[in-house]
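So you can see what is in the structure, the chains are spelled out below.
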Amino acid sequence: KAGVTQTPRYLIKTRGQQVTLSCSPISGHRSVSWYQQTPGQGLQFLFEYFSETQRNKGNFPGRFSGRQFSNSRSEMNVSTLELGDSALYLCASSWGDVTNEKLFFGSGTQLSVL
Amino acid sequence: AQTVTQSQPEMSVQEAETVTLSCTYDTSESDYYLFWYKQPPSRQMILVIRQEAYKQQNATENRFSVNFQKAAKSFSLKISDSQLGDAAMYFCAYRRGNAGGTSYGKLTFGQGTILTVHP
């Protein structure tokens, strides 16, 4: 069974640009969560999608947005990039049943903003 | 808000020895889950072990076990018979129980502990 797939693995952008990251969950999983990982702030929750609806959201500005498609694949978008957005972005998938709390993570997309 | 604290930025252990990683958390909830995740250089977070707060018995997964002290809000990870492949960053994480929308997909992580295993 394939794991969580994130593309691209690496991305270099300049300030002011926008970027879209992709996450394909494990087959059958309907929930996708996104996390930002930086050396200074650690791992922080961005948002969670289930059946194309955002169910939960962290404390990030509106420049960070996401969506989920009918096949459960998810994309995350960051507009007007800032230097501080440089980070490893991880996505995780799960069945989406709150009683089954296991999250399965991908290997992340390393975003560098110059 | 819940917080998770890992007070050991780095730890090291000799191969085949035992090491314990510390984690404390702060919450006013009674229903929650605790996890240890491992992040090797490949960057993929891998679940090592989990503990349900309502269970008094400490969780065990092969060479990995936890010491869960609910009253003290402490959740340490013990790795026995350490192997070179155990070298990684280890994260302690917390998740609220079945509390509706605030639980979905959201883990609160500690800052991590880098574990080095010496041959």
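Preceding this paragraph is the structure being described.
A brief report on the enclosed structure follows. (Residues numbered from 1 in each chain as written. Chains lettered and ligands numbered in written order. Predicted model: local features only at pLDDT ≥ 70, side-chain atom pairs only at ≥ 80, totals over all residues. Heavy atoms only, no water.)

Between chain B and chain A, the contact holds 22 residues from the first and 28 residues from the second. In total, about 2200 Å² of surface goes out of reach between chain B and chain A, with carbon and sulfur atoms giving 51% of it. The largest share of the area that chain B buries against chain A comes from Arg43, Tyr104 and Gly105 of chain B, three residues that together contribute 32% of it. Between the two partners, chain B and chain A, sit zero salt bridges. Here chain B and chain A share nine residue pairs in polar contact (both at pLDDT 80 or more) between them. The set of elements that each furnish at least two residues to the side of chain B that touches chain A consists of strand 5 (32–39), strand 6 (46–52) and strand 10 (88–96) of chain B. Top element by residues in the side of chain B that touches chain A is strand 5 of chain B. It accounts for four residues. Tallied by class, the residues present in the side of chain B that touches chain A amount to nine nonpolar, nine polar and four charged. (Contact = heavy atoms within 4.5 Å. Buried area = accessible area lost by both parts, 1.4 Å probe. Salt bridge = Lys/Arg side-chain N within 4 Å of Asp/Glu carboxyl O. Polar contact = N/O pair within 3.5 Å; in protein donor to acceptor, adjacent residues only side chain to side chain. Helix = DSSP H or I, 4+ residues; strand = E, 2+ residues; numbered from the N terminus. Nonpolar A, V, L, I, M, F, W, Y, C, P; charged D, E, K, R; others polar.)

Counted under the stated rule, the structure contains two disulfides over all chains. Here Cys23 of chain A pairs with Cys91 of chain A through a disulfide, and the sulfurs are 1.8 Å apart. Of note, the bridge from Cys23 of chain A to Cys91 of chain A carries an S-S torsion of about 70° and is right-handed in sense. Separated by 68 residues along the polypeptide, Cys23 of chain A in strand 3 (residues 19–24) and Cys91 of chain A in strand 9 (residues 87–94) bring together distant segments of the chain. Cys91 of chain A matches Cys23 of chain A in its accessibility class, with the two residues each being buried. Sulfur-sulfur distance for the disulfide between Cys23 of chain B and Cys92 of chain B comes to 2.0 Å. On the sign convention where negative means left-handed, the S-S torsion of about -70° between Cys23 of chain B and Cys92 of chain B marks this disulfide as left-handed. One end of the pair, Cys23 of chain B, is in the loop between strand 3 (19–21) and strand 4 (24–26); the other, Cys92 of chain B, is in strand 10, with 69 residues separating them in the sequence. Exposure remark for Cys23 of chain B: the relative accessible area of 1% places this residue in the buried category. (Disulfide = S-S within 2.5 Å. Buried < 20%, exposed > 50% of the residue type's maximum accessible area, 1.4 Å probe, protein only.)

Turning our attention to the side chain of Thr113 of chain B. Residue and element names in this part refer to chain B. Position of Thr113 among the secondary structure elements: in strand 12 (residues 113–118). Among the residues examined, Thr113 registers a relative accessible area of 0% and is labelled buried. Looking at Thr113, its side chain comes within polar contact range of the main-chain oxygen of Gln8, at 2.6 Å. What Thr113 contacts, discounting residues up to four positions off in sequence, is Gln6, Gln8, Pro9, Glu10, Met11, Leu21, Ala88, Met89 and Tyr90.

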